[in-house]
Amino acid sequence: AALCASFQQAVCDTVTDRCRNAIARFKTTYGTGALVVSGGVAANAPLRAALAGLATHQGLPFVAPPLKLCSDNGAMIAWTG
């Protein structure tokens, strides 16, 4: 359990760091926007929370599908569209 929790934390830290870098580059080019997450990662509660916190810290809206749609790729694609 500890190994899995450590792996999940490492993934959250890495994805959050990469998104932070992407947001910085995006802001210099486009100025403003939103952090949108979809796909299977949108159903991962710790990752979703980390990215929502990052969006808040960066002054961006956080957009993610409702959890009930995260298990059905077709529904999620339709929601994103």
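A.B. asks: How should the overall build of the protein be read in this particular structure?
C.D. replies: From N to C terminus, the protein includes 3 helices and 2 strands. The linear arrangement of helices and strands in the protein, starting from the amino end, is α-β-α-β-α. Here the protein holds 81 residues, and 22% of them are scored as buried. For the protein, the proportion of contacts with a sequence separation of at least 24, taken over those separated by at least 6, is 59%.

A.B. asks: Sorry, what's going on with the nonpolar core here?
C.D. replies: Soluble globular proteins tend to bury their nonpolar side chains together. Counting 13 residues, the largest nonpolar core has Ile 23, Leu 35, Val 37, Leu 51 and Leu 54 as its most contacted members. Those elements that place two or more of their residues in this core are α1 (2–30) and α2 (45–58). Here this core gets 4 residues from one element, more than from any other, and that element is α2. Residues in contact with Leu 35, not counting those within four places in the same chain, are Ile 23, Leu 51, Leu 54, Ala 55, Leu 60, Pro 61, Phe 62 and Val 63.

A.B. asks: Would you explain the environment of Asp 13 in this entry?
C.D. replies: As for its position among the elements, Asp 13 is in helix α1. C-alpha of Asp 13 to C-alpha of Ala 50: the two residues are 37 residues apart in sequence and 8.2 Å apart in space.

A.B. asks: Would you take a moment to explain the packing of aromatic side chains for this structure?
C.D. replies: The geometry of an aromatic ring pair is captured by the separation of the ring centres together with the interplanar angle, meaning the angle of the planes. On inspection of all chains with the given rule, the structure shows 1 aromatic pair. Plain terms: the ring middles of Phe 26 and Tyr 30 are 4.7 Å apart, the flat faces sit at 35° to each other, and that makes the pair tilted. Taken together, the residues span about one helical turn, with Phe 26 and Tyr 30 both in helix α1 at a distance of 4 residues. For Phe 26, a relative accessible area of 37% puts it in the partly exposed group. Under the relative-accessibility criterion, Tyr 30 is labelled exposed at 58%.

About the cut-offs
Residues numbered from 1 in each chain as written. Predicted model: local features only at pLDDT ≥ 70, side-chain atom pairs only at ≥ 80, totals over all residues. Heavy atoms only, no water. Helix = DSSP H or I, 4+ residues; strand = E, 2+ residues; numbered from the N terminus. Buried < 20%, exposed > 50% of the residue type's maximum accessible area, 1.4 Å probe, protein only. Contact = heavy atoms within 4.5 Å. Core = buried A, V, L, I, M, F, W, Y, C linked by side-chain atoms within 4.5 Å. Phe/Tyr/Trp six-rings, centres within 6.5 Å; stacked < 30°, edge-to-face > 60°.

Note that every value here comes from positions in space, so none of it alone points to a role or purpose.
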